[in-house]
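# Structural overview for review
Spelled out, the chains give:
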Amino acid sequence: QVQLVESGGGLVQAGGSLKLSCTASGRDFSGFPVSWFRQAPEKQREFVAGMIWTSGNIAYADSVKGRFTISRDNAKNTVYLHMSSLKAEDTAIYYCAVRFTGNRYLGEEHVLDYDHWGRGTQVTVSP
C-alpha cells in the first residue's frame with residue numbers, strides 16, 4: 001500500500017499563491033500516475049494536475065493550466081502543487097492520489113480509477 005499525506009493548505013487572498021505538498025511512503029509508485037484532485041462544496045471531485053514520477057509526464061486540467069505547476073523532489077519522496085493567481089473558484093479540499101490500475105500514462109483521469117488517497121488539505125481563497 002501507499003500512504004499519502006497532504007500539507008500546505010490555508011487561507012489566501014485572490015491573486016495570491018500557495019504550495020501544497022504530498023509526501024508518500026510504502027509501495028513504489030514511481031512508474032504510476034500521481035495526481036492532485038480537488039472537491040469544492042456541493043461539487044464533484046475533479047482532476048487538477050498529475051505526473052508520472054519516472055518519466056516526468058505531466059497533465060493539467062484546463063481550469064488551472066498556466067496557473068498551477070506540479071513538481072517532485074525525489075530525495076523527499078514528495079510531490080508539490082504550486083498554485084498562483086488563485087481565484088475564489090479554486091477554494092476546495094485538495095487531495096493527493098495514486099493509481100496502480102489503468103494506463104501507465106496520463107490521459108483522462110477519473111476519480112474512481114485511483115487506488116490510494118490522502119485525507120486532503122483545505123485551500124480557501126478569499127475574493
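Relevant structure appears above.
Each chain carries its own residue numbering, running from 1 in the direction its sequence is written. Given that this is a predicted model, residues contribute local features only at a pLDDT of at least 70 and side-chain atom pairs are listed and counted only at 80 or more, while totals for whole chains, interfaces and linings are drawn from all residues. Working from all heavy atoms in the structure, the side-chain values ignore hydrogens and water.

## Some thoughts on the overall build of the chain
Rules: Going along the chain from the N terminus, every DSSP run of H or I of four or more residues is numbered as a helix, and every run of E of two or more is numbered as a strand. It is over C-alpha atoms that the radius of gyration is taken, and the globule rule equals 2.2 Å times the number of residues to the power 0.38. Here a residue-residue contact requires only that any non-hydrogen atoms of the pair lie within 4.5 Å.
Within the chain, the secondary structure is distributed over zero helices and eleven strands. When the elements of the chain are put in sequence order from the N terminus, they spell out β-β-β-β-β-β-β-β-β-β-β. What you see for the chain is a C-alpha radius of gyration of 14 Å, in line with the 14 Å of a compact globule of 127 residues. Across the chain, contacts joining residues at least 24 apart in sequence account for 58% of those joining residues at least 6 apart.

## Considering the environment of Gly 8
Locating Gly 8 in the fold gives a position in the loop between strand E1 (2-7) and strand E2 (10-13). Residues Gly 8 and Trp 36, spaced 28 residues apart in sequence, show a C-alpha to C-alpha distance of 13 Å. Dropping the residues within four chain positions of it, Gly 8 is found in contact with Leu 18, Lys 19, Leu 20 and Thr 121.

## Section: the pairing of strand E4 (residues 33-39)
What counts here: Whether a residue is buried, partly exposed or exposed follows from its accessible area with a 1.4 Å probe, protein chains only, as a fraction of its type maximum: under 20%, in between, or over 50%, in that order. Only when DSSP finds a minimum of two bridges between them are two strands counted as paired.
Counted residue by residue, E4 has six buried out of seven residues, so it is predominantly covered. Where E4 meets strand E5 (residues 46-52), six bridges bridge the pair, whose relative direction is antiparallel. Bridged to Ser 35 within E5 is Gly 50. Counting the residues that bridge the hairpin from E4 to E5 gives six residues, and of these Glu 42 lies at a positive phi of roughly 65°. Across six bridges, the pairing between E4 and strand E9 (residues 92-98) is antiparallel. Residue Gln 39 lies in a different strand from E9, and its bridge partner there is Ile 93.

## Some thoughts on the sheet that holds strand E8 (residues 78-83)
Using the following cut-off: Throughout, an axis means a line fitted to C-alpha atoms (over the contacting stretch in the case of helices), and angles, computed between N-to-C directions, take values from 0 to 180 degrees.
Spatially, the four strands line up as an open sheet ordered E1-E3-E8-E7, and their pairing is antiparallel. The open sheet has two edge strands with one neighbour each: E1 and strand E7 (68-73). Along the sheet, successive strands turn relative to each other by an average axial angle of 20°, direction set aside.

## Thoughts on the packing of aromatic side chains
So the rule is basically this: In this analysis, rings of Phe, Tyr and Trp, with Trp reduced to its six-membered ring, are considered paired at centre separations within 6.5 Å, and the interplanar angle assigns stacked below 30 degrees, edge-to-face beyond 60, and tilted for intermediate values. In this scheme, Lys NZ or Arg CZ marks a charge over a ring once it lies within 6 Å of the ring centre and within 35 degrees of the ring normal.
This structure, assessed with the given rule, holds seven aromatic pairs. Taken together, a centroid distance of 4.9 Å and an interplanar angle of 75° make the contact between Phe 37 and Tyr 114 edge-to-face. Remark: Tyr 114 occurs in the loop between E9 and strand E10 (116-117) and Phe 37 occurs in strand E4; sequence separation between them is 77 residues. Three or more aromatic residues joined by ring pairs form one cluster here, namely Phe 37, Phe 47, Tyr 95, Tyr 114 and Trp 117. The cationic tip of Arg 27 hangs over the ring face of Phe 32; the distance from NZ or CZ to the ring centre is 5.8 Å. We note Arg 104 situated over the ring of Phe 32; from NZ or CZ to the ring centre the distance is 4.2 Å.

## Topic: the nonpolar core
Selection rule: Nonpolar cores were defined as sets of buried Ala, Val, Leu, Ile, Met, Phe, Trp, Tyr and Cys residues, with membership established by side-chain atoms within 4.5 Å.
Grouped together as the largest cluster of nonpolar side chains are 38 residues, with contacts concentrated most on Trp 36, Leu 81, Met 83 and Tyr 94. Those residues in contact with Leu 81 that lie beyond four places of it in its chain are Leu 18, Lys 19, Leu 20, Trp 36, Val 48, Ala 49, Phe 68, Thr 69, Ile 70 and Tyr 94.

## With respect to unusual backbone geometry
Unlike most non-glycine residues, Glu 42 shows phi in positive territory, near 65°. One can find Glu 42 in the loop between E4 and E5. One non-glycine residue with positive phi stands out, namely Asn 77, at about 50°. Positionally, Asn 77 belongs in the loop between E7 and E8.

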